[in-house]
Amino acid sequence: MSKLGQVVESVENYNKFVLDQVKRARTDEKFGRELLGRWNDVKAKIPTTRTPTGLPLPRLALPEIDEPGEIARYLFGEGLPGEFPYLNAAYREMYLEPVREIESFEKNAGKAETKIPQLEEPTRLFSGLMLAEDTNERFHYLTRHQRTHRLSTAFDGPTLYGIDSDADGVFGKIGEGGVAIDTVEDMVRLYDGFDLGSANFSASMTISGPAPIIMAMYIAAAKRRFGPKVVPKLRGTIQADIFKEVQAQNETIFPIEPSLRFLTDMVEFTTHEMPRWYPISISGYHIAEAGSTPVQQAAYTLSNGFAYAEMFAGRGIPIDQFGPRLSFFLDCGLDAEYIALARVSRRIWAIGMREVFGAGQRAQLLKLHTQTSGRSLIAAEFKNNLTRTATELMLAYMNATNSCHSNSADEPFTTPSEEWIRLAAHGQAILLEESGIFKHTMNMLSGSPGMKAVERAVEAAILDEFREIERLGGVLAAVEERYQRSQIQNAAHRYEQQIYNGTRPIIGLNRYRDDEEIPEVKLARTPRSKQQLQVDRLAKFKKKNAEKAKPALDKLAAAVERGENCFPMLLEAAEVCSLGQITGRLQEVVGRFRPMV
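Residues numbered from 1 in each chain as written. Predicted model: local features only at pLDDT ≥ 70, side-chain atom pairs only at ≥ 80, totals over all residues. Heavy atoms only, no water.

Asker: Help me understand the overall build of the protein chain, please; the structure alone is not making it clear to me.
Answerer: Check the secondary structure of the protein chain and you find 24 helices and 11 strands. A compact globule built from 597 residues should have a C-alpha radius of gyration of about 25 Å, and the protein chain, at 25 Å, falls within 12% of that. Along the first, second and third principal axes, the C-alpha atoms of the protein chain reach 80 × 55 × 55 Å. Contacts in the protein chain between residues far apart in sequence, at least 24 positions, make up 78% of those at least 6 positions apart. Roughly 25300 Å² of accessible area belongs to the protein chain as shown, and the carbon and sulfur atoms make up 52% of that amount. Distance from the positive charge centre (73 side chains) to the negative charge centre (78 side chains) of the protein chain: 3 Å. (Helix = DSSP H or I, 4+ residues; strand = E, 2+ residues; numbered from the N terminus. Rg over C-alpha atoms; globule rule 2.2 N^0.38 Å. Contact = heavy atoms within 4.5 Å. Areas by Shrake-Rupley, 256 points an atom, 1.4 Å probe, with all protein chains shown as cover. Lys, Arg positive; Asp, Glu negative; His and termini not counted. Charge placed at Lys NZ, Arg CZ, Asp CG, Glu CD.)

Asker: How do you make sense of the packing of helix H12 (residues 294-315) against helix H14 (residues 341-355) when you look at a structure like this?
Answerer: Packed helix pairs are characterised by how far apart their axes lie and by the angle those axes make with each other. Orientation of H12 relative to H14, taken along the N-to-C sense of each, is 25°, at an axis distance of 11 Å. Compared by their axis directions, H12 and H14 come out roughly parallel. When you trace H12 past H14, the crossing you get is right-handed. In this structure, H12 uses Pro294, Val295, Gln297, Ala298, Leu302, Gly305, Phe306 and Ala309 to contact H14, whose residues at the interface are Leu341, Ser345, Ile348, Trp349, Gly352 and Met353. Here the contact of H12 with H14 is built from residues that sort into 10 nonpolar, four polar and no charged. (Axes fitted to C-alpha atoms, helices over the stretch in contact; angles between N-to-C directions. Parallel < 35°, antiparallel > 145°, perpendicular 65-115°, else oblique. Left-handed = near helix turned anticlockwise from the far one by under 90°. Nonpolar A, V, L, I, M, F, W, Y, C, P; charged D, E, K, R; others polar.)

Asker: What am I meant to see in H12 here?
Answerer: Every α-helical turn comprises 3.6 residues, leaving residues that sit three or four positions apart pointing alike. Compared with the 32 Å implied by 1.5 Å per residue over 22 residues, the 32 Å span of H12 between its first and last C-alpha is a close match. When you tally the buried positions in H12, you get 17 out of 22 residues, the bulk of the element. Gly316 occupies a position one or two residues after H12 and carries a positive phi of about 100°. (Expected span 1.5 Å × (residues − 1). Buried < 20%, exposed > 50% of the residue type's maximum accessible area, 1.4 Å probe, protein only.)

Asker: What exactly am I supposed to notice about the packing of helix H2 (residues 29-44) against helix H3 (residues 68-77) here?
Answerer: For the pair H2 and H3, interaxial distance at closest approach is 9 Å and the crossing angle is 65°. Classified by chirality, the crossing of H3 by H2 is left-handed. Facing Phe31, Gly32, Leu35, Leu36, Arg38 and Trp39 of H2, the residues of H3 in contact are Pro68, Ile71, Ala72, Tyr74, Leu75 and Phe76. Its residues placed into classes, the contact of H2 with H3 shows 10 nonpolar, one polar and one charged.

Asker: Teacher, can you tell me more about unusual backbone geometry here?
Answerer: Backbone geometry follows two general trends: most residues other than glycine have a negative phi, and most peptide bonds adopt the trans configuration. Following Phe84, the chain continues into Pro85 via a peptide bond in cis, with omega recorded as 5°. The phi angle at Tyr86 is positive, at roughly 65°, despite the residue not being glycine. Tracing the chain through its elements places Tyr86 in the loop between H3 and helix H4 (102-107). On the basis of relative accessibility, which here comes to 2%, the residue Tyr86 falls in the buried class.

Asker: Would you explain the environment of Arg189 in this entry?
Answerer: Here Arg189 lies in helix H7 (residues 184-190). Put simply, Arg189 and Ala132 are 57 residues apart on the chain and 5.6 Å apart in space, counted from C-alpha to C-alpha. Those residues within four positions of Arg189 in sequence are excluded, and the remaining contacts are Ala132, Glu133, Asn136 and Arg537. Looking at Arg189, its side chain comes within polar contact range of the side chain of Asp186, at 2.7 Å. (Polar contact = N/O pair within 3.5 Å; in protein donor to acceptor, adjacent residues only side chain to side chain.)

Asker: Is there a simple way to think about the side chain of Ser292 in this case?
Answerer: Tracing the backbone through its elements, the reader meets Ser292 in the loop between helix H11 (285-289) and H12. Looking at Ser292, the relative accessible area reads 2%, which means it is buried. Residues in contact with Ser292, not counting those within four places in the same chain, are Ile287, Gln297, Arg375, Ile488 and Ala491.

Asker: For this particular structure, what's the right way to read the environment of Cys577?
Answerer: Here Cys577 lies in the loop between helix H23 (567-576) and helix H24 (579-590). Put simply, Cys577 and Asp182 are 395 residues apart on the chain and 9.0 Å apart in space, counted from C-alpha to C-alpha. In contact with Cys577, not counting residues within four places along its chain, are Met217, Phe541, Ala549, Ala552, Leu553 and Ile582.

Asker: Explain the sheet that holds strand E10 (residues 367-372) to me, please; I cannot follow it from the model alone.
Answerer: Strand pairing in a sheet is mediated by backbone hydrogen bonds. Such pairs are either parallel or antiparallel. Taken together, four strands build an open sheet; the order of strands is E8-E9-E10-E11 and the sheet is parallel. Looking along the sheet, the strands with just one partner apiece sit at the ends: strand E8 (280-283) and strand E11 (403-405). Neighbour-to-neighbour, the strand axes of this sheet turn through a mean angle of 25°, independent of strand direction. Set on the sheet, helix H16 (residues 385-398) makes contact with strand E9 (326-332), E10 and E11; between it and E10 the angle comes to about 165°. (Pairing = 2+ DSSP bridges.)

Asker: What am I meant to see in the side chain of Ser406 here?
Answerer: Among the structural elements, Ser406 can be located in the loop between E11 and helix H17 (418-434). Using a relative accessible area of 1% as the deciding quantity, one classes Ser406 as buried. A distance of 2.7 Å separates a polar side-chain atom of Ser406 from the backbone oxygen of Ala424. At 3.1 Å, the side chain of Ser406 and the side chain of Gln428 are in polar contact. Apart from residues lying up to four places away in sequence, Ser406 is in contact with Thr372, Thr389, Leu393, Ala424, Ala425 and Gln428.

Asker: Before we go on, may I ask you to explain the sheet that holds strand E6 (residues 236-238) in this structure?
Answerer: Taking strand neighbours across the sheet as the criterion, the five strands line up as E3-E4-E5-E6-E7 in an open arrangement whose pairing is parallel. Both outer strands of the open sheet, strand E3 (125-127) and strand E7 (277-278), are each paired with one neighbouring strand and no more. Note that E6 and E7 share two bridges and pair parallel. Bridge pairing in E7 links Gly236 to Trp277.

Asker: Help me out: how do you make sense of the pairing of strand E5 (residues 201-206) in this one?
Answerer: The side chains of a regular strand alternate between the sheet's two faces. Within E5, six of the six residues are buried, which leaves it mostly tucked inside the rest of the structure. Of the pairings in the sheet, the one linking E5 to E6 comprises three bridges and is parallel in character. Its bridge partner lying in E6, Ala203 is registered against Gly236. In this fold, the crossover linking E5 to E6 by way of helix H8 (residues 211-226) has right-handed handedness. (Right-handed = clockwise from strand over helix to strand, strands pointing away.)

Asker: Is there a simple way to explain the nonpolar core in this structure?
Answerer: Among soluble globular proteins, nonpolar side chains are generally buried collectively. One finds Tyr191, Tyr218 and Phe466 to be the most contacted residues of the largest nonpolar core, which totals 156 residues. Take this core: its biggest share by element is 11 residues, from H8. (Core = buried A, V, L, I, M, F, W, Y, C linked by side-chain atoms within 4.5 Å.)

Function-wise, these values are silent; they only describe arrangement.
Shown next, in the form of structure tokens:
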């Protein structure tokens, strides 16, 4: 039985354990009294806060139960926020304002004596357009009203494929749909003006195929600005998820095994040298955007995560060193499954990591970034996308996501404009700061009968997908059989059929449609002058470093051929070589990715 099969078995065994605890609590009086005593003690220690209108609310909402069996079902089956199996939240408190005691509140006639300190907000905004300085300008615009700077970066097509901007046939794609990054100098420009070593800064980079190369450039850029001592302070994540590329997104540049080897080299380096960095973001978002069902998204993402854990452990990296540095990225759409999809994923991950991999508490936590669904955004009557995204934000925060990106309503047409991206950001601010839905009480919307029904159905369906992947020989074997890709394609076809036959209502498209013309929207395009500037900069960089580039590439290639961890050599090459030069030399050694038929 593979590790994934063991995960299925461990979840089933844990569910039996929960039922046994329920029975025990009802038949063993001493155990029942202990649980009831613990429950009452937890409830007694919950602080009380007040809303702006003066209504007292508990800091944590718990079900009104006093029967030992139901207490056991809650404590063992769900866990308090921040407690195993983390169904309700990875952490004890999330999104809440600092405690405002009743006595202090009343003494000051409903006013706080001092300004309440604010915690790091979960909003993470995504941007990438034209050249590095253009994206940098957008980053500064987006963070103007943020206490913490959490930047998520999109790269253009050539960068995603590890191709230089001066390559044949790519000129018109430079800076389109993301930022063009060819060299360490571009990376310096990209994050100019931000303190990369600050505790209040983190960078997320959405790139997988050439992720180790881009990661090396980011480290090199940080060292140029802040010196080598900044490296352990760097905070953020890089996507680097090879499995989802092969399953859904297609931006793979090396064969699968070398890709996984380069990824593991990077994980090993960052685990030892960069304790605040998440070296992989295991991504279901692109699986969902490619057309999967919500259950397929969660099942393939989790199974990929367990496969990575097995792979990193096989390299000899201790589970409790790399485990806390794994992060996840899920889509949140409008289907009913999203009421509990992330909650269930967090539970399955915690059980699997503890029972199968022997992970400690920090490595059991599924740290989650959520993005509202791009696929749900419709060009027809596009202003309705504001409502779609707002609903998806509510679902994401009901699932206690750790960070969140809200899509812009104009994305069906173009890279978001400042107007619409500002509205998208304000959607999160209204939900988290203006409304009282999440800032006063944990578990405000958790645990309804409907949510519990969805949890049970989703967990069973995810385990069924695990069993099928196990039957095929595990994640890598299933990838080679094109199992995940074929299932995603089938689901995507069914989704489109449902739209066209009307069984899946899309307001403004196939229901309640107003035949108004699609409005003219100004497209964000990269001027040819900027594209030429990028090519000229690259030529200057290559000329300046011509004598240093070849020895650096030779040293890198030799390390790969010897089977060493090549990431330290990547760091050296990133100083004097372009992205395309490094990619090309590595492809000479390990080959190019060829899609499986």
